[in-house]
Amino acid sequence: MENVKKVLVANRGEIALRVLRACRELGIPTVAVYTDSDQLALHLRYADEAVLIGDRSSYLDAEKIIAAAKKTNASLIHPGYGFLSENSAFCKAVEEHGMIFIGPRWETLALLGDKLASRQAALAAGLPVLAGSDQPLPQELPVEMAYQVSYPVLVKASVGGCGRGIRLAKSAEELPQVIEAARQEALAAFGNDSVFLESMVQQARHIEVQIIGDGQGKVVCLGERECSIQRRHQKLIEESPAPCLPESIRASMCQAAQKLGSSLKYRGLGAVEFLLDKQNNFHFIEVNPRIQVEHPVTEMVTGLDLVKEQLMIALGHPLELAQGQVEIRGAAIEARVLAEDTARDFLPSTGPISYLREPGGPGIRVDSALYPGIEITVDYDPLLAKIIAWGENRHSAIQRLLRALDEFQMGGICSNLEFLKQLITSAKFVEGDVDTTYLEKVKLPPAHQDVELEKAVALAAALFTHQQREVQVLPQDENTNTWLQTAWSEQM
Amino acid sequence: MSLYYITIGKNEYNVHLDGRHLKVNGKPVSGDLRPINELGLHVLQRGKKSMELHLNSLDGDHLEILVGGQRVLAKVKTSQKRVRHQAARAEVGTITAPMPGVLVSVLAKVGDVVEQDQTLAVLESMKMQMQLRTASAGTVVSVLYQAGEQVEKGKEIIRVN
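Here is what the cut-offs are and how they apply
Residues numbered from 1 in each chain as written. Chains lettered and ligands numbered in written order. Predicted model: local features only at pLDDT ≥ 70, side-chain atom pairs only at ≥ 80, totals over all residues. Heavy atoms only, no water. Helix = DSSP H or I, 4+ residues; strand = E, 2+ residues; numbered from the N terminus. Buried < 20%, exposed > 50% of the residue type's maximum accessible area, 1.4 Å probe, protein only. Contact = heavy atoms within 4.5 Å. Areas by Shrake-Rupley, 256 points an atom, 1.4 Å probe, with all protein chains shown as cover. Lys, Arg positive; Asp, Glu negative; His and termini not counted. Charge placed at Lys NZ, Arg CZ, Asp CG, Glu CD. Buried area = accessible area lost by both parts, 1.4 Å probe. Salt bridge = Lys/Arg side-chain N within 4 Å of Asp/Glu carboxyl O. Polar contact = N/O pair within 3.5 Å; in protein donor to acceptor, adjacent residues only side chain to side chain. Nonpolar A, V, L, I, M, F, W, Y, C, P; charged D, E, K, R; others polar. Pairing = 2+ DSSP bridges. Axes fitted to C-alpha atoms, helices over the stretch in contact; angles between N-to-C directions. Domains from an automatic or database assignment. Disulfide = S-S within 2.5 Å. Core = buried A, V, L, I, M, F, W, Y, C linked by side-chain atoms within 4.5 Å.

**Student:** Talk me through the overall build of chain B; I want residue IDs and the actual numbers.
**Tutor:** Within chain B, the regular secondary structure consists of 1 helix and 17 strands. Here the C-alpha coordinates of chain B stretch approximately 65 × 35 × 20 Å along the principal axes. When each of the 161 residues of chain B is scored for burial, the buried share is 39%. For chain B, long-range pairs separated by at least 24 residues make up 39% of all intrachain contacts whose partners lie at least 6 apart in sequence. Here chain B has roughly 9500 Å² of accessible surface; of this, 48% comes from carbon and sulfur atoms. One way to put it: in chain B the 21 positive side-chain charges average out to a point 10 Å from where the 16 negative ones average out.

**Student:** Requested: an account of the interface of chain B and chain A, with residues and values cited.
**Tutor:** Taken residue by residue, the interface counts 48 residues in chain B and 49 residues in chain A. The junction of chain B with chain A conceals about 4100 Å² of combined surface from both sides, 64% of it contributed by carbon and sulfur atoms. The tally of links from chain B across to chain A stands at 1 salt bridge. Here B:Glu52 ties to A:Arg357 by a salt bridge, and the two come within 2.5 Å at their closest N and O atoms. Across the chain B-chain A interface, the total number found is 10 residue pairs in polar contact (both at pLDDT 80 or more). Looking at the side of chain B that touches chain A, the elements with two or more residues in it are strand E1 (2-8), strand E2 (11-18), strand E3 (21-24), strand E6 (41-46), strand E7 (49-57), strand E8 (62-67), strand E9 (70-78) and strand E14 (128-133) of chain B. Considering every element that reaches the side of chain B that touches chain A, the biggest residue donor is E7(B), with 7 residues. Tallied by class, residues from the side of chain B that touches chain A come to 28 nonpolar, 14 polar and 6 charged.

**Student:** How would you explain the side chain of A:Glu454 if you had to name every residue and give the values?
**Tutor:** Summarising the element assignment, A:Glu454 is placed in helix H16 (residues 451-479). Buried charge without a partner: A:Glu454 forms no salt bridge, and the closest opposite charge is A:Lys455, 9.5 Å away. Contacts of A:Glu454, omitting those with residues within four sequence positions, involve A:Gln449, B:Ile8, B:Asn11 and B:Tyr13.

**Student:** Lay out unusual backbone geometry in plain terms, naming residues and giving numbers.
**Tutor:** Residue and element names in this part refer to chain A. Cis geometry is found at the peptide bond from tyrosine 151 to proline 152, where omega equals -5°. Proline 241 follows serine 240 through a cis peptide bond whose omega is -5°. With respect to the secondary-structure elements, proline 241 resides in the loop between strand E11 (234-240) and helix H9 (247-263). The backbone of histidine 233 shows a phi angle near 65°, a positive value even though the residue is not glycine.

**Student:** Any chance you could break down the sheet that holds strand E4 (residues 27-29) of chain B for me, citing the residues and the numbers?
**Tutor:** Residue and element names in this part refer to chain B. If you trace the 9 strands from one edge of the open sheet to the other, you get E4-E3-E2-E1-E9-E8-E7-E6-E5, paired in antiparallel fashion. Only two strands of the sheet have a single neighbouring strand rather than two, namely E4 and strand E5 (32-35). Shown here is a sheet whose adjacent strand axes are inclined to one another by a mean of 35°, direction ignored.

**Student:** Describe the domain arrangement of chain B, and please don't skip the residues or the numbers.
**Tutor:** Domain boundaries in chain B define domain 1 (2-84) and domain 2 (94-160). Domain 1 of chain B and domain 2 of chain B are separated by 38 Å when their C-alpha centres are compared.

**Student:** Can you break down helix H6 (residues 115-124) of chain A residue by residue, with the values?
**Tutor:** Residue and element names in this part refer to chain A. Of all the positions in H6, only Lys115, Leu116, Ser118, Arg119, Ala121 and Ala122 are classed as buried. Buried residues along H6 sit in contact with helix H5 (106-113), strand E6 (153-157), strand E7 (166-169), strand E8 (195-199), H9 and strand E13 (282-288). Capping the start of H6 is the job of one residue whose side-chain oxygen sits 3.0 Å from the backbone nitrogen of leucine 116: aspartate 114.

**Student:** Mind laying out the state of the cysteines, listing which residues take part and the relevant values?
**Tutor:** All names here are of chain A. With the rule as written, the count across this model stands at 0 disulfides over all chains. The thiol of cysteine 23 is unpaired, and the distance to the nearest cysteine sulfur, on cysteine 91, comes to 18 Å. Judged by its relative accessible area of 0%, cysteine 91 is buried.

**Student:** Residue-level account of the pairing of E5(B), with values.
**Tutor:** Residue and element names in this part refer to chain B. In terms of strand pairing, E5 meets E6 through 4 bridges, oriented antiparallel. By the bridge assignment, leucine 33 is partnered in E6 with leucine 44. The loop that links E5 with its antiparallel partner E6 comprises 5 residues; one of these, glycine 40, has a positive phi angle of about 105°.

**Student:** Any details on the environment of B:Lys155? Residues and values, ideally.
**Tutor:** All names here are of chain B. Inspection of the secondary structure assignment puts lysine 155 in the loop between strand E16 (150-151) and strand E17 (156-160). In this structure lysine 155 comes out as partly exposed when scored by relative accessible area, which is 38%. Excluding residues within four positions of it along the chain, lysine 155 makes contact with Ile95, Thr96, Ala97 and Tyr145.

**Student:** Go over the sheet that holds strand E4 (residues 76-78) of chain A with me, naming the residues and quoting the values.
**Tutor:** All names here are of chain A. The 5 strands are arranged E3-E2-E1-E4-E5 in an open sheet whose pairing can be described as parallel. Edge positions in the sheet fall to strand E3 (49-54) and strand E5 (100-101), since each has one partner strand and no second. Seen against the sheet, helix H3 (residues 62-72) touches strand E1 (7-9), strand E2 (30-35), E3 and E4 and runs at an angle of roughly 150° to E3.

**Student:** Tell me about the nonpolar core, and please be specific about residues and values.
**Tutor:** Counting 99 residues, the largest nonpolar core has A:Leu8, A:Ile237 and A:Leu370 as its most contacted members. Considering every element that reaches this core, the biggest residue donor is helix H1 (residues 13-26) of chain A, with 7 residues. Taken domain by domain, this core gets at least three of its residues from each of domain 1 (7-102) and domain 3 (205-441) of chain A. In this structure, A:Ile237 is in contact with A:Glu226, A:Cys227, A:Ile229, A:Ile333, A:Glu334, A:Ala335, A:Leu420, A:Leu423, A:Ile424 and A:Phe429, ignoring residues within four places of it in sequence. Counting 28 residues, the second-largest nonpolar core is a separate cluster that includes A:Ala458, A:Ala460, B:Val24 and B:Leu53.

**Student:** Can you tell me about the pairing of E7(B), naming the residues and giving the values?
**Tutor:** Residues and elements named next belong to chain B. In this structure, E6 lies alongside E7, joined through 6 bridges in antiparallel fashion. Counted as the bridge partner of valine 43 is glutamate 52 from E7. From the end of E6 to the start of E7, which pair antiparallel, there are 2 residues, and glycine 47 there has a positive phi angle of about 60°. Note that E7 and E8 share 4 bridges and pair antiparallel. Across the sheet, histidine 54 pairs through a bridge with leucine 66, a residue of E8. Joining the antiparallel neighbours E7 and E8 is a turn of 4 residues, in which glycine 60 adopts a positive phi near 65°.

Rendered as structure tokens:
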């Protein structure tokens, strides 16, 4: 076939593999890009073609990626998440080169990339927003302004995302320093130091609504995800549906997300993020205009393949899915397995994975790009794998997730597997009573110490060492026979 | 007869091996460890119970053991070696890189008088920034890396006396 369109995946790791898998199922040829640090990465071997684009920061280099697409005659570019996925200039450049960006239009990305502008758009569509400033803060903060704000207050970078450039100020005295720190972080991460203030909702839950739009105004809501379990603004556990959420609130949130999507004539996948306060009032925070790390939980409860839906829309097929067809079945929970040493303040853990066995069985999905021997480095983020469990209800999903985390065997590096197990068995989590500060407050039981297990391990360790020594000693014994020993001792 | 001391976390276990007679902390136990393959996978058979473990020798006397979704690090000492070994203690006044990364900033210079817990450098690794603080008050006597430089895990960056 001459008209088969080729997709270039401008990403790495598990999400690159996720997109490549969808393409393979649809019979779409693929191109991977990779960097010097990723020469042994799995995604480039999975794709039909692979192009080396440069040093480790090249996934952020729009020109190099467009050049790779031109070179391989790819006509669509899937940006994955992170890197260039929300970059409107990249999206625009892709379109100007006559290619298709798998995601929203560049104008939409530009609008949503500016948190202040998206705040205005949400207001215009009738969504509730948080109290805050509608303008970026001036470089020189007027002294009296610090005293007019109610604390605690969040200082947020106008551009950017992923929790970076967000800082909390607890008092007027520390506000100037906090603003400066947020500006520096935003400048380093996004090249823009504009920040604004938004009121801090205490004990809020972070709930996002998944939408998909055809770009003409039709927007379908695919349920919500609870993402309150976070460390340093990075999500750790996500689930759908959100537990203990009154049906009326769920419906209102979905309607609100749909309204905003329609008003933007939204194209592709988007996650409309809300904070839900203790009184169950929800407030718009931002839209993530891309596939999300946590998209599998939505796939598990809806039975849809979100990446295929993205590809179909990008290829110009009409969005056939009707709201009435969307049915949420059971519950799904995702745990992010990270390369970090939980015992040493969650420091990154690096090195080769010396042994690997990923979990499986009923209701379990593993999204990773791991293989035995893969070297985990500090060049990219510490996400090793996502374990997603589906059950007919939340209780069964938790049981399955726990069983799967128990089955996951990974040697050579530290991971947060034990921490995740403690977390999903903690009483409040099981009840579904969590908010975004849960991980700061929760006193997890000390790491489970099973003395009987330790004794068995100690026995195995001794037997193993003993066997190893015998193996090493035996060949030498053959050389040191009595005759040689006698000759040697006589020499002395 | 062989005697092994196995340290797991804060607990130490002693294991006697004498032919088929095994003792853990002085109590007789049964057990047989068999390799499943050459990749380190083993089965510990104890009566009717079989437990799967993955054993891997690390540097020195350490073993990494994967069992039931847990990763256990064990220190193994034989009875002879035990006396001679003594844990090297990190010097209080040095700041070393707890992970490999790039130094974002170095906030101290030689001669600076610093207080306990003062941040002397910022290290970035895996998109995370970490403040390196001094555990003791004193005077900075050496600064071995500049901002922007790559630092390997364990390397000394700053020394305070």
